[in-house]
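The lines below spell out each chain.
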Amino acid sequence: MARGCLQGVKYLMFAFNLLFWLGGCGILGVGIWLAATQGNFATLSASFPSLSAANLLIVTGTFVMAIGFMGCIGAIKENKCLLLTFFVMLLLVFLLEATIAILFFAYTDKIDRYAQQDLKKGLHLYDTPGNVGLTNAWSIIQTDFRCCGVSNYTDWFEVYNATRVPDSCCLEFSESCGLHAPGTWWKAPCYETVKIWLQENLLAVGVFGLCTALVQILGLTFAMTMYCQVVKADTYCA
């Protein structure tokens, strides 16, 4: 009976971790593609230049693959050490995510101020050698969200030491349109515009976060259940 339960949990855990591993492969693949085709795409921070979308996806994909692989091998081999290691690693990730979420909501105002200051520092790296990712990211954000600068378009005046903005700030794009009068530029601040967009899509973000948490809890449950079944089976055989 115990052996039958163990086999059932074993196959469930293997299937779960196989999907987990395949998901990690997909994330890693997208990250590598972004790194190869877009450089440091979506790098906006001056303090953390390596914090790009490509690098985040590569690190996340690699980590998810490693955890999924460990879970698969642990399930197939019925290895108590691997199962316990998988459980501990997944639990640490879950607790880390929960801690970050709590700190984010507790220090929202401070994070806002720091983020805006850091983004303004990053503006000075716009269109400079070695910062193609940051340049592309700002161009895409300003064009897609129809905004200009972090707080307002005057943020760019400090960057250029002149009354001008990047061409991506223009209402109608044309070569050197950023040298024209302010009436031809977007007036909305990018930070607030993106923040409002995120708030409007908070439900989708919340659903994604909840699904992620449920998947992790499911993985923790499978791992601990199988670990206990292996221990029982070993005790029974002994």
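Residues numbered from 1 in each chain as written. Predicted model: local features only at pLDDT ≥ 70, side-chain atom pairs only at ≥ 80, totals over all residues. Heavy atoms only, no water.

Draft legend 1. Structural view of the UniProt feature "transmembrane region" (unreviewed entry) in the protein chain. Mapped onto this structure's residue numbering, the UniProt feature "transmembrane region" (unreviewed entry) falls at residues 12–36, 56–76, 83–107 and 202–223. The span residues 56–76 carries 100% helix and 0% strand; its end-to-end C-alpha distance comes to 30 Å. Taken end to end, residues 83–107 comprises 96% helix and 0% strand; its first and last C-alpha atoms sit 36 Å apart. (UniProt positions renumbered as here; feature names shortened; annotations may be inferred. Helix = DSSP H or I, 4+ residues; strand = E, 2+ residues; numbered from the N terminus.)

Draft legend 2. Structural context of unusual backbone geometry. At D127, a residue that is not glycine, the phi angle is positive and equals roughly 60°. Along the chain, D127 turns up in the loop between α4 (108–123) and α5 (132–144). According to the relative accessible area criterion, D127 is exposed, its value standing at 59%. One non-glycine residue, N161, lies in the positive phi region at around 55°. Locating N161 in the fold gives a position in the loop between α6 (155–160) and α7 (190–200). (Buried < 20%, exposed > 50% of the residue type's maximum accessible area, 1.4 Å probe, protein only.)

Draft legend 3. Spatial organisation of the state of the cysteines. Counted by the stated rule, this structure contains 3 disulfides. Between the sulfur of C147 and that of C190 lies a disulfide, 2.1 Å long from S to S. Its S-S torsion of about 95° marks the bond between C147 and C190 as right-handed, since a negative value means left-handed. With a gap of 43 residues between them, C147 in the loop between α5 and α6 and C190 in helix α7 connect regions that are remote in the sequence. Assigned by exposure class, C147 and C190 land together as buried. Residue pairing for C148: its cysteine sulfur links by disulfide to C169, the two sulfurs lying 2.1 Å apart. The S-S bond linking C148 to C169 shows a torsion near 90°; that makes this disulfide right-handed. With a gap of 21 residues between them, C148 in the loop between α5 and α6 and C169 in the loop between α6 and α7 connect regions that are remote in the sequence. The exposure class assigned to C148 is buried, which follows from its relative accessible area of 0%. Given the relative accessible area of 0%, C169 is considered buried. Here the cysteine-cysteine linkages of the protein chain are recorded as 1-6, 2-3, 4-5, numbering only bonded cysteines and doing so in sequence order. (Disulfide = S-S within 2.5 Å.)

Draft legend 4. Focus on the nonpolar core. Ranked by size, the top nonpolar core spans 20 residues in total, and within it L123, W138, C148, V150, W156 and V165 carry the most contacts. Broken down by element, this core gets its largest block of residues, 3 residues, from α5. With residues near it in sequence (within four places) discarded, V150 still touches Q116, L119, K120, L123, W138, D155, P189, C190 and Y191. Counting residues in hydrophobic clusters, the runner-up holds 17 residues, among them F20, F87, F222 and A223. (Core = buried A, V, L, I, M, F, W, Y, C linked by side-chain atoms within 4.5 Å. Contact = heavy atoms within 4.5 Å.)

Draft legend 5. Just the packing of aromatic side chains, in detail. For the coordinates displayed, the defined rule picks out 9 aromatic pairs. Here F145 and W197 contribute two aromatic rings whose centre-to-centre distance is 5.8 Å and whose plane-to-plane angle is 85°, an arrangement assigned as edge-to-face. Taken together, the positions of F145 in the loop between α5 and α6 and W197 in helix α7 put the pair 52 residues apart, joining distant regions of the chain. A relative accessible area of 25% places F145 in the partly exposed class. We classify W197 as partly exposed; its relative accessible area is 42%. A cation over a ring is seen here: R164 above Y160, with NZ or CZ 4.3 Å from the ring centre. (Phe/Tyr/Trp six-rings, centres within 6.5 Å; stacked < 30°, edge-to-face > 60°. Lys NZ or Arg CZ within 6 Å of the ring centre and 35° of its normal.)

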